[in-house]
Amino acid sequence: MSAAEFDIHYVAQLARLSLSPEEEGTLASQLTSILGYIEKLKEADVTGVEPTAHAFPLVNITRPDVVSQSLSTEAALRNAPQQANGLFLVPKIVE
Amino acid sequence: MLNQLTISELTTKLARGETSARQTLQACLDQIQRVDDRVHAFLSHDAADALAQADAADQELAGGGSGKPLLGVPIAIKDVIAVKNQPLNCASKILGDFISPYDAAVIEKLRAAGAVVFGRLNMDEFAMGSSTENSAFGLTRNPWDLTRIPGGSSGGSAAAVAADECLASLGSDTGGSIRQPAALCGCVGLKPTYGRVSRYGLVAFASSLDQIGPFTKDVRDAAILLGVLSGHDLRDSTSVALPVPDYAAALTGDLKGLKLGLAREYLVDGLDPEVKAAVNAAVKQYEKLGAEIVEVSLPHTEYAVATYYIVATAEASANLARFDGVRYCERVAGGDLIEMYSRTRGAGFGPEVKRRIILGTYVLSGGYHDAYYLRAQKVRTLIRNDFLKAFETVDAILTPTTPTAAFKAGEKSGDPLQMYLSDIFTISCNLAGICGLSLPCGFTGNTQPRLPIGLQLLGKPFGEETLLKLAHAYEQSAGWHKEKPPLASA
């Protein structure tokens, strides 16, 4: 868990985020300082402590299995950058 | 002037036929016209749509009213909550000309209560920030001093209420984004307990921390609005099926037997002496009002900021994956699908959002998950346990809302870590999933013009009644809420 291992280019690829070389430089140095601060958490004794994902955990939330109102195709496509035949258009993904 | 009224004052006047919903809305629109080129709380507002709602409310009022608690009350909305057929941008370029196809649950509730829902309020992009400087559409200014920030991320929501451009507003709070701007702008801001208010139709930042809440001119209005906004919703599986109490009925002014905790860890270095003095004076006031003051300890407070910036960014990196140019967003073409995603996101997101997506992706990535994310979730348990333990002996905890009054625009924007550390008093509340409220407790004397100071009350899970009772008693005895920024009435 060393900030020195931080590879901005690799992480940006994982995040599907294209960054200019200038942005990579700025972000890498800012994040190194933020990660340095976060190292503080190493001091905390978490032996035997369960993780909290939600402060008020609820389980098995279901609803009655009945048909109800949902968005029309038209409403769902309203903000689509590209659409055709009632579908979202994306670049070709299979050769 | 009608735009300066509280909700309870306006609904009384409307019921007596002393004014109309249209006149009230028009007073707000006039105020926007007069001050918003300086304050810039609003990104946009649809006056024609709002006037139509006001006219419909006046018709209902003419028919004798309907017992709706907000009939004819103009309420403005942060640009992160969906309002059907209105723009939704999260103050980001990436959403382009997005129009909401449906109403958020809280908007449905406001409409059912008769409110006039209008305006899109400025914020930090995707609610990430503490100053509203991260908006892609320009700064919002603090109505008390236009050279200073209004706080954030709900800076527009706080500034609009402080400048009397609406009667109340909605914001969202992930690490203090309601309470911090409320403190810096001198209004009341309430973050309900996680699960109290449905998040359906709120654009997600960090799903385990986000809650919607009201900005108001006094505590009674916060109680009224919380009663409208609260309740179970099947469309948000984290909303809780507990009955909604009559919050206004809790405002009895009687604090006898209530115990207020002072956390010794909150008296940190960097706490401004004037903020400290104002909070100490509030403590004395509470003793006079009959509350008992007890020192408590929240020993894991020092880890809260680090824990938050792991948990919140991890959740954000997953939530913001949906902004990829497929179903919405300003698409930027690429050679293949992945390149299209990357270019769309690279062109559309601002610097702070990119910073947090990168940090969140990193702390979840292979080899680092256990060291960062899992450890932060465990420390989160310790922070929550600190509060639950303190609440065994006290009914609420009293702290400053912020370490300082509003800072100057540009003062911290170059140093993200310093900006993050300004959230030190508000962040634990979201990690612990409890409720919190900020209300005015005085003004600075050192600065010219003077600036509001905020007092924070933190309450037990679903303890909003006690929180509101405590806040109301102090507010009524101190009277700070009656102060207005000179700009609002000049």
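Before reading on, note that the structure itself is shown above.
Keep in mind that what you see is a predicted model, and the values were worked out from it rather than measured.

A. Seen up close, the packing of aromatic side chains. Residue and element names in this part refer to chain B. A full pass over the atoms with the stated rule returns 17 aromatic pairs over all chains. Between the aromatic rings of phenylalanine 98 and tyrosine 328, the centroid separation amounts to 5.7 Å while the plane-to-plane angle is 85°, which identifies the pairing as edge-to-face. Residue phenylalanine 98 is located in the loop between β2 (74-78) and α4 (105-112), and its partner tyrosine 328 is located in the loop between α9 (304-319) and α10 (337-348); the two are separated by 230 residues in the primary sequence. A network of ring pairs unites the aromatic residues Phe98, Phe126, Phe323, Tyr328 and Phe349 as a single cluster. Positioned above the aromatic ring of phenylalanine 443 is the side chain of arginine 450, whose terminal nitrogen or guanidinium carbon lies 4.0 Å from the ring centre.

B. A look at the side chain of asparagine 430 of chain B. Residues and elements named next belong to chain B. Tracing the sequence through the fold places asparagine 430 in helix α14 (residues 427-432). Of note is the side chain of asparagine 430, whose polar atom sits 3.1 Å from the side chain of aspartate 173. Residue contacts for asparagine 430: discarding those within four places in its chain leaves Asp173, Thr174, Gly175, Gly176, Arg179, Lys191, Leu209 and Arg380.

C. Representation of the packing of α9 of chain B against helix α12 (residues 370-390) of chain B in the model. Residue and element names in this part refer to chain B. Where α9 contacts α12, the two axes come as close as 9 Å, and the packing angle between them is 125°. Our classification of the angle between α9 and α12 gives oblique. In the crossing of α9 with α12, the sense of the turn from one axis to the other is left-handed. Two secondary-structure elements touch here, α9 through Ala304, Thr307, Ile310, Val311, Ala314 and Glu315 and α12 through Tyr372, Tyr373, Ala376, Val379, Arg380 and Ile383. Within the contact of α9 with α12, the residues separate by chemical class into nine nonpolar, one polar and two charged.

D. The interface of chain B and chain A, seen in detail. Taken together, the 67 residues of chain B in the interface contact 55 residues of chain A. Of the roughly 5,400 Å² buried where chain B meets chain A, counting both sides, 70% is carbon and sulfur surface. Looking only at chain B, the three residues that lose the most surface to chain A are Arg331, Ile358 and Arg375 of chain B, adding up to 12% of its buried area. The interface formed by chain B and chain A contains two salt bridges. At the junction of chain B with chain A, the criterion picks out 19 residue pairs in polar contact (both at pLDDT 80 or more).

E. Layout of helix α8 (residues 273-288) of chain B. All names here are of chain B. End to end, α8 covers 23 Å across 16 residues, agreeing with the expected 22 Å (1.5 Å per residue, within 8%). Inspection of α8 places Glu274, Val275, Ala278, Val279, Ala282, Val283 and Tyr286 among the buried residues, and these make up the whole buried set. Next to the buried residues of α8 lie β7 (259-263), β8 (292-296), β9 (396-400), β10 (435-443), β11 (452-459) and α15 (464-478). In the segment just after α8, glycine 290 is the residue with positive phi, at about 105°.

Rules used in this analysis
Residues numbered from 1 in each chain as written. Chains lettered and ligands numbered in written order. Predicted model: local features only at pLDDT ≥ 70, side-chain atom pairs only at ≥ 80, totals over all residues. Heavy atoms only, no water. Phe/Tyr/Trp six-rings, centres within 6.5 Å; stacked < 30°, edge-to-face > 60°. Helix = DSSP H or I, 4+ residues; strand = E, 2+ residues; numbered from the N terminus. Lys NZ or Arg CZ within 6 Å of the ring centre and 35° of its normal. Polar contact = N/O pair within 3.5 Å; in protein donor to acceptor, adjacent residues only side chain to side chain. Contact = heavy atoms within 4.5 Å. Axes fitted to C-alpha atoms, helices over the stretch in contact; angles between N-to-C directions. Parallel < 35°, antiparallel > 145°, perpendicular 65-115°, else oblique. Left-handed = near helix turned anticlockwise from the far one by under 90°. Nonpolar A, V, L, I, M, F, W, Y, C, P; charged D, E, K, R; others polar. Buried area = accessible area lost by both parts, 1.4 Å probe. Salt bridge = Lys/Arg side-chain N within 4 Å of Asp/Glu carboxyl O. Expected span 1.5 Å × (residues − 1). Buried < 20%, exposed > 50% of the residue type's maximum accessible area, 1.4 Å probe, protein only.

Geometric descriptors of this kind do not, in isolation, establish any biological role.
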